[in-house]
Amino acid sequence: MTNAGTPRVALERFLDRWLPQIVVSPLFAASLVFVYAFIAWTIYISFTKSGVMPNYTLVGLAQYERVWSTPRWYVALQNLFVFTGLFIAGCMIIGVLLAILLDQRIRLEGAIRTIYLYPMALSFIVTGTAWKWILNPTLGIEKLVQGWGFRDFSFDWLVDPQMAIYTVVIAGVWQSSGYVMALFLAGLRSVDDEIIRAAAIDGAGPVRTYATIILPMIRPVFLSSIIILAHLAIKSFDLVVALTGGGPGYATDMPATFMYAFAFQRSELGTAAASAVMMLMTVMAIMVPYLYSEIRGSAK
Amino acid sequence: MAGVKLDRVWKKFGQNEVIKGIDLEIAPGEFVVLVGPSGCGKSTLLNLIAGLETLTSGDIRIGEQQVNDVPPKDRNIAMVFQSYALYPTKSVHRNITFGMETRHIGHQEQEQAVSEVTQLLHIEQLLERKPGQLSGGQRQRVAMGRALVRKPDVFLFDEPLSNLDAKLRIEMRTEIKKLHQRLGKTTIYVTHDQVEAMTLASRIAVMDNGHIRQFGSPDDIYENPVDLFVAGFMGSPSMNIVRGRVLKNGSCGIEVTDGEGAIVFPLPEALAGKVAERTGQEIVLGLRPEIITHRGAHAPGSNVFAFERAIDVIEPTGPDTMLVFTLGGSEAIGRIRPGEAVAVDQPYRFQVNMDKAKLFDPASGIRL
Amino acid sequence: MSQAQSGIVRRQGPRQIALRILLFAVLGLFCLYYLIPLAVMISTSLKSLDEIRTGSLISLPHEISLDAWSKAWSSACVGVRCTGLEPYMWNSFLMVVPAVLISTFLGAINGYALTKWRFPGANVIFALMLFGAFIPFQIVLLPMARTLGYFGLAGSVYGLVFVHTVYGLAFTTLFFRNFFVSVSDGIVQAAKIDGAGFFPIFFKLMLPMALPTIVVSVIWQFTQIWNDFLFGIAFTVGDSNPVTVALNNIVATSTGVKEYNVDMAAAIIAGLPTLLVYVLAGSYFVRGLSAGAVKG
């Protein structure tokens with residue numbers, strides 16, 4: 001008994017002690033390789049003269065200089081700022097407004113909420129396809145409004161290089177504003193009922209109650225919503241591809257489509273890597289302080 | 001100064017009747033405590049008075065004004081909440097002045113009012129802090145300051161002390177009583193704690209299941225409970241409820257039988273008259289723990305009766321010792337002075353003051 | 001709770017009634033704003049091409065025709081192959097089902113090990129893994145393409161299963177960690193005293209308790225992976241494309257007559273699985289979204 005038992009007991013003890021680490025380590029290793037090592041590889045490639053194939057000869061900042069001397073990159077950056085700003089503003093205004101309106105003891109709240117949020121379940125490709133049709137310069141809204149009698153109405157933003165980026169904003173806001181509504185509605189519902197009652201006794205009407213008491217209390221929801229939207233905006237790729245294909249020309253290019261084009265269409269790996277690294281830096285500049293404060297906050 | 005009058009007040013949430021036709025008249029300057037077990041409707045009743053819930057039917061008057069459809073801000077009331085409900089993003093100062101800001105009261109007057117209440121409540125040094133930086137007791141004071149500054153006709157308190165620890169709770173209880181004595185404002189106070197009710201109230205309304213069971217002074221509620229519910233709810237430890245049978249051979253008594261034998265509790269004349277018609281019938285005898293006690297504790301001339309029972313458990317509390325024994329098949333408690341010679345399983349000879357005994361109808365629970 | 005639960009007495013009058021009407025008008029208008037694009041898609045998909053050219057965007061079809069639907073399903077041209085969406089739908093299902101199940105299972109066991117068997121460094125490991133949820137995936141596209149090529153997985157559905165599992169793990173771990181953190185350690189301690197080990201506690205105690213989180217994770221992963229486009233277009237070619245890529249190819253095909261009705265039918269078909277999940281399990285979807293508030 002003892003002879004047979006001892007190694008088994010020892011094995012059990014060993015597993016008891018180390019099993020959690022044994023289970024976690026392959027997953028952690030995968031994360032180390034597929035996130036950290038891959039990032040490191042991309043960063044390294046961005047300093048090499050890689051073209052169609054990886055080439056490990058370091059060339060310093062040449063690829064970055066290349067990116068920054070490409071007019072297309074400036075278009076992408078400009079579009080990113082325009083899109084991010086308007087996308088965040090549009091989603092926040094609509095989302096906060098709808099959350100407050102839905103907070104007024106609406107009998108059909110469940111159904112209305114479902115309607116407001118369903119675009120979030122769709123792929124950006126589906127959304128892009130739908131809006132591409134609605135905004136179609138000849139058969140879409142333009143024709144609809146002309147049919148109402150406004151013969152001179154023209155709406156061709158989709159093919160207008162100056163305006164095309166705003167069509168991406170329109171479709172993006174349509175898809176994501178319900179998400180902000182859901183986040184804010186949850187925030188509003190988390191406010192202690194007694195505080196709202198106290199405000200009613202203090203004589204504050206609904207407008208003042210929301211403006212000076214409830215909304216300031218859910219300031220963290222503003223922060224996290226804006227961060228999430230910014231994150232979505234920087235990564236936006238599918239919507240642009242489906243709606244405008246980056247065009248007309250490269251008028252609606254964004255860093256994400258720029259990177260894809262250089263990596264998979266033009267096969268200039270080094271340049272693509274350099275633009276990817278700059279995207280990563282932008283995201284990190286936003287996410288790292290936010291995550292840090294979130295993790296610190298939840299540790300308390 | 002204004003009183004509060006409720007007339008056949010009903011409140012339903014869907015099919016659920018929470019307040020079932022309550023009448024209540026509170027005189028100006030009174031301190032009325034609504035007390036009852038959780039779910040009895042006491043907080044809902046307070047919210048109805050505040051205008052934080054809409055009436056289903058009935059009438060509420062504050063002073064001379066019918067307020068059924070008047071928003072809370074126009075009822076001239078102030079309220080202190082269980083969670084204090086301080087505005088977390090505003091400083092203590094802004095918390096106190098917020099109500100005055102919404103009413104467009106002049107800056108000078110605001111400052112004047114703030115300095116009055118902060119002195120009264122000793123919170124001058126907290127004015128610039130945020131509620132998150134305050135202790136429970138300090139938040140409680142700020143919440144009271146916010147209510148006081150309104151100079152309302154009626155103060156409403158919704159279990160304001162239940163989130164405080166035991167020591168602070170007693171301190172604040174005294175503070176609230178002092179404030180009421182000083183300001184003399186009509187106050188309605190909700191609690192589930194019968195000690196709080198007894199210590200604070202000028203009158204207590206005992207609520208159960210949407211009804212007011214009894215409305216009277218603390219003494220009255222304690223000494224003359226209308227039924228078994230009120231008798232059992234008020235007092236700690238609660239009244240001993242003993243089932244017995246009315247006997248009559250010469251004088252009148254209640255026979256209580258259990259495994260240790262039968263005891264006949266002789267009734268004084270005042271009580272005997274009430275059961276004259278019930279000879280041989282079942283009856284419920286109510287004895288508060290403090291009237292079952294050691295020898296020589298009662299005032300001379302009272303109707304003292306002695307009986308023996310074996311002690312099951314001894315619970316010293318310091319000033320008193322509680323003795324748990326069995327009487328008529330249920331557990332009973334007597335309260336004796338510490339230092340008496342008692343031992344578990346040994347018989348002890350109690351003396352009970354039968355003048356203070358209560359009799360209840362076993363079917364309806366109504367006191368006879 | 002907020003306004004919705006409280007019945008505060010408000011002043012009643014014509015102004016309040018007018019505001020209430022305005023409130024419903026605004027809410028109704030926004031319902032139209034969100035619904036009209038879907039309605040336009042459905043109505044267009046049921047029209048003939050002639051009617052599309054002559055009628056207007058929002059007019060209802062005179063004659064309902066399912067031709068566009070059958071074409072989108074079985075014969076529309078995706079690039080040069082005119083097979084309709086059907087094979088690509090299967091690709092997507094073959095990709096989604098294993099990727100969702102594997103990433104959810106691994107996330108569950110990972111979240112459990114990191115919270116209920118707190119070993120030194122567990123928090124650091126979690127933080128490092130969580131970071132993977134926030135990177136723009138462009139940063140891993142190039143090395144992943146090479147890695148898939150090296151293992152012979154490039155251009156295959158299996159490659160996509162692998163990629164989605166690896167990068168979905170950060171989310172699923174986050175979901176389960178947040179759930180298991182809220183489970184009392186006492187339950188695990190009691191089970192340990194009863195002699196249960198790491199796996200018995202996980203399978204018999206924790207997994208049944210985590211059922212709602214499993215649903216959240218499955219729905220979230222299903223939606224994310226089904227809707228993915230970037231990995232699909234970067235790592236697959238031709239007949240191994242997932243349905244999002246195929247849809248985009250149908251729409252972007254520039255040869256021949258533009259068949260808007262087929263485009264719309266194809267878009268609805270591609271969106272239908274996630275839309276169904278949303279309608280059937282909306283509350284879990286919303287829970288995933290707000291759990292994802294810390295992810296994006």
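Predicted model only: the values in this text are computed from it and were never measured.

**Let's talk about the domain arrangement of chain A**
Accessible area lost during the coming together of the parts is what is often quoted as the interface size. All names here are of chain A. Here the domain parsing of chain A yields domain 1 (1–46) and domain 2 (64–299). Between the C-alpha centres of domain 1 and domain 2 the distance comes to 40 Å. Taken together, the contact pairs five residues of domain 1 with eight residues of domain 2. Where domain 1 abuts domain 2, roughly 460 Å² becomes buried across the two surfaces, and 82% of that area is made up of carbon and sulfur atoms. Of all residues in domain 1, Thr42, Ile45 and Ser46 give up the largest surface area on contact with domain 2, accounting jointly for 71% of the area buried on that side. Connecting domain 1 to domain 2 are zero salt bridges.

**Topic: the domain arrangement of chain B**
Residue and element names in this part refer to chain B. Per the domain assignment, the segments of chain B are domain 1 (4–233) and domain 2 (240–360). The gap between the C-alpha centroids of domain 1 and domain 2 is 39 Å. With six residues of domain 1 in contact, the opposing surface of domain 2 contributes seven residues. Contact between domain 1 and domain 2 buries roughly 640 Å² in total, counting both sides, with carbon and sulfur atoms accounting for 54%. When residues of domain 1 are sorted by the area they lose upon contact with domain 2, Tyr222, Glu223 and Leu228 head the list and together hold 71% of the total. At the surface where domain 1 touches domain 2, the tally comes to one salt bridge.

**Section: the interface of chain C and chain A**
In this complex, chain C contributes 91 residues to the contact, which on the side of chain A involves 98 residues. Buried surface at the junction of chain C and chain A, both sides included, amounts to about 8700 Å², of which 76% is carbon and sulfur. Among the residues chain C hides against chain A, the three largest losses belong to C:Tyr34, C:Ile139 and C:Leu142. Together they make up 9% of the total. At the surface where chain C touches chain A, the tally comes to zero salt bridges. Across the chain C-chain A interface, the total number found is 18 residue pairs in polar contact (both at pLDDT 80 or more). Per-class residue counts for the side of chain C that touches chain A are 65 nonpolar, 21 polar and five charged.

**Considerations on the pattern of salt bridges**
By the definition in use, this model includes 31 salt bridges over all chains. Across the pair B:Lys167 and B:Glu171 runs a salt bridge, and its minimum N-O distance is 3.8 Å. Here the residue B:Lys167 and the residue B:Glu171 both occupy positions in helix H5 (residues 166–183), the gap between them amounting to four residues, near one helical turn. Here C:Lys116 and C:Asp185 are joined by a salt bridge, their closest N and O atoms 2.8 Å apart. Of this pair, C:Lys116 sits in helix H5 (residues 86–116) while C:Asp185 sits in helix H9 (residues 185–193), and the two are 69 residues apart along the sequence. With a relative accessible area of 6%, C:Lys116 lands in the buried category. The class of C:Asp185 is partly exposed, set by a relative accessible area of 31%. Through salt bridges that share partners, A:Asp103, A:Glu109, A:Arg113 and A:Arg189 make up one connected network.

**Focus on the pairing of strand E12 (residues 251–258) of chain B**
Residues and elements named next belong to chain B. Most of E12 sits inside the fold, with six of its eight residues counted as buried. Looking at chain direction, strand E11 (residues 240–249) and E12 are connected through five bridges and run antiparallel. Residue pairing across strands places Val246 opposite Ile254, the latter belonging to E12. Counted along the chain from E11 to the antiparallel partner E12, the turn is one residue long, and its residue Gly250 has a positive phi close to 85°. What sits between the antiparallel neighbours E12 and strand E13 (residues 261–266) is a turn of two residues.

**Describing the sheet that holds E13(B)**
Residue and element names in this part refer to chain B. Strand order in the open sheet formed by five strands is E13-E12-E11-E14-E20, and the pairing between neighbours is antiparallel. Two strands bound the open sheet, and with one partner strand each, they are E13 and strand E20 (358–360). Ignoring which end each strand starts from, the neighbouring axes of this sheet average 40° apart. Two elements, strand E14 (residues 282–287) and E20, share three bridges in a ladder whose sense is antiparallel. Bridge assignment links Val284 to a residue of E20, and that residue is Phe360.

Reading the values: the criteria
Residues numbered from 1 in each chain as written. Chains lettered and ligands numbered in written order. Predicted model: local features only at pLDDT ≥ 70, side-chain atom pairs only at ≥ 80, totals over all residues. Heavy atoms only, no water. Domains from an automatic or database assignment. Contact = heavy atoms within 4.5 Å. Buried area = accessible area lost by both parts, 1.4 Å probe. Salt bridge = Lys/Arg side-chain N within 4 Å of Asp/Glu carboxyl O. Polar contact = N/O pair within 3.5 Å; in protein donor to acceptor, adjacent residues only side chain to side chain. Nonpolar A, V, L, I, M, F, W, Y, C, P; charged D, E, K, R; others polar. Helix = DSSP H or I, 4+ residues; strand = E, 2+ residues; numbered from the N terminus. Buried < 20%, exposed > 50% of the residue type's maximum accessible area, 1.4 Å probe, protein only. Pairing = 2+ DSSP bridges. Axes fitted to C-alpha atoms, helices over the stretch in contact; angles between N-to-C directions.

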